[in-house]
Amino acid sequence: MLDRFNRKINYLRISVTDRCNLRCRYCMPDNDPLMLNHEDILRFEEIQQVVAVAASLGISKVRLTGGEPLVRKDITDLVAMIASVPGVQDLSMTTNAVLLDRFALPLKKAGLQRINVSLDTVDPEKFHDITRGGGLHKVFRGIQAAEAAGLHPIKINCVVKRGAERKDADGVAAYCHQHGLEIRYIQQMDLERGDFAVVEGGSGGDCASCNRLRLTSDGKIKPCLFSDLGYDIRELGIQHALEKALGNKPEKGSVNQQNLFHNIGG
Ligand code: SAM
Ligand code: SF4
């Protein structure tokens, strides 16, 4: 499907939960964030229906994100349900990999094709600090398990701060080089202030070539990460919500004062 600026929209990012087992400083607020109630979170059947309607309209790429997708109960069942939808050609996930050693093989068997792992530093103390308590060794174990399971390619998402020294990013790049992994840099963004940009060797932030729609864990189709627009599939029906999002996708991102990364999915 084409939007009004002639961009081909073929990619749906689905946030399957707003919960996470880490609390990265640039993603989660300092204080305890308000979490969604269980009944507001889409059921697997609802997510599968959204994917089916979206695929009938031309979506062929689907990525599961969050919060942390691996903390959603029975996530491998959801992967299998989405993989079975005709028209879904590329099914991937973005994860912090803390639980990936347990999930890599079942995910692969369920139909997940590839995976992106978020990793901003290979220094265990810095990792502990950035994620407010995470264990880097678990991430390394998760990446190994993904390699062994044949989730290929494994891409590493590395958030870099504008203007900051690149020591951590360089360390991650060296680790990727050693292990034959691809690295993608992402500029640290601020949704509320509309601070986003393309980074060298990175992805995202390029509005002219944006091919995405998003589904939040409580059922809003969002046409843009940097916008307050969102269309509720339970209120409007799936097809109408998708069409509204497509029809109102802004030419460029501006600000999003309603979401944080953990509840829209990066
Ligand atoms: N928990 C999973 C993970 O961390 O990979 C998936 C969800 S997370 C919100 C998705 C991506 O958003 C991660 O790669 C994360 O680094 C990125 N992200 C979170 N907050 C961000 C921010 N303020 N600016 C840029 N990227 C951000
Ligand atoms: Fe969790 Fe991912 Fe946000 Fe970190 S970036 S707090 S791992 S959702």
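Whatever comes next refers back to the structure up there.
Here we summarise the structure given alongside this text. If you're wondering where the values come from, they're calculated on a predicted model, not measured in any experiment. (Residues numbered from 1 in each chain as written. Chains lettered and ligands numbered in written order. Predicted model: local features only at pLDDT ≥ 70, side-chain atom pairs only at ≥ 80, totals over all residues. Heavy atoms only, no water.)

1. Description of the overall build of the chain
- Helix and strand counts for the chain come out as 9 helices and 9 strands.
- Radius of gyration (C-alpha) of the chain: 17 Å, near the 18 Å computed for a compact globule of 266 residues.
- With 266 residues in all, the chain has 52% of them scored as buried.
- Summarising the internal contacts of the chain: among those between residues at least 6 apart in sequence, 72% fall at separations of at least 24.
- Only carbon and sulfur atoms are counted for the fraction: they give 49% of the accessible area of the chain, which is about 12500 Å².
- Charged side chains of the chain number 35 positive and 33 negative; the gap between the two group centres comes to 3 Å. (Helix = DSSP H or I, 4+ residues; strand = E, 2+ residues; numbered from the N terminus. Rg over C-alpha atoms; globule rule 2.2 N^0.38 Å. Buried < 20%, exposed > 50% of the residue type's maximum accessible area, 1.4 Å probe, protein only. Contact = heavy atoms within 4.5 Å. Areas by Shrake-Rupley, 256 points an atom, 1.4 Å probe, with all protein chains shown as cover. Lys, Arg positive; Asp, Glu negative; His and termini not counted. Charge placed at Lys NZ, Arg CZ, Asp CG, Glu CD.)

2. Focus on the layout of surface pockets
- Of the volumes computed, that of the second largest pocket is approximately 450 Å³.
- Along its surface, the second largest pocket is lined by 16 residues, and I130, V159, K161, D168 and Q188 are the ones closest to its centre.
- For the lining of the second largest pocket, the secondary-structure elements that each account for two or more residues are α4 (124–130), β5 (154–160) and α6 (167–179). (1 Å grid on protein atoms, 1.4 Å probe; cavity = no way out; pocket = protein on both sides within 12 Å on 5 of 7 lines; lining within 4 Å. Points joined across faces, edges and corners; volume = space filled by probe spheres on them.)

3. Considerations on the environment of P69
- Turning to its location among the elements, P69 is positioned in the loop between β2 (61–65) and α2 (75–83).
- In the structure, P69 is positioned 21 residues away from Q48 in sequence and 15 Å away in space, judged by C-alpha atoms.
- Excluding anything up to four places from it in sequence, P69 contacts V16, T17, L64, I75, M93 and T94.

4. Considerations on the site of ligand 1
- Looking at ligand 1, there are 18 residues lining it, with Y26, G67, E68, S118 and M189 nearest.
- E68 places a side-chain nitrogen or oxygen 3.1 Å from a nitrogen atom of ligand 1.
- At 2.7 Å from a nitrogen atom of ligand 1 is found a main-chain nitrogen or oxygen belonging to M189.
- Protein coverage of the free-state accessible area of ligand 1, which is 550 Å², stands at 95%. (Near = heavy atom within 4 Å. Polar contact = N/O pair within 3.5 Å; in protein donor to acceptor, adjacent residues only side chain to side chain.)

5. A few points about α6
- For α6, built from 13 residues, the straight-helix expectation of 18 Å at 1.5 Å per residue is met to within 8% by its first-to-last C-alpha distance of 19 Å.
- Among the residues of α6, those classed as buried are A169, V172, Y175 and C176. The buried residues of α6 occupy an angular sector of 120° when the element is viewed end-on, so they sit on one face. What points out from α6, more than 90 degrees from its buried face, is the exposed set K167, H177 and Q178. (Expected span 1.5 Å × (residues − 1). Arc of directions from axis to C-beta.)

6. Examining the sheet that holds strand β6 (residues 182–187)
- On the basis of which strands lie adjacent, the open sheet formed by 9 strands has the order β6-β5-β4-β3-β2-β1-β7-β8-β9 and mixed pairing. With partners counted over all chains shown, the strands left at the sheet margins are β6 and β9 (231–232), one partner each.
- In the sheet, strand β3 (residues 90–95) pairs with strand β4 (residues 114–118) via 4 bridges, with the strands oriented parallel. In the sheet register, M93 faces β4, and the bridge partner there is I115.
- In the packing of helix α1 (residues 44–57) onto the sheet, the strands contacted are β1 (11–15), β2, β7 (212–215) and β8 (220–222), and the crossing angle to β1 comes to about 170°. (Pairing = 2+ DSSP bridges. Axes fitted to C-alpha atoms, helices over the stretch in contact; angles between N-to-C directions.)

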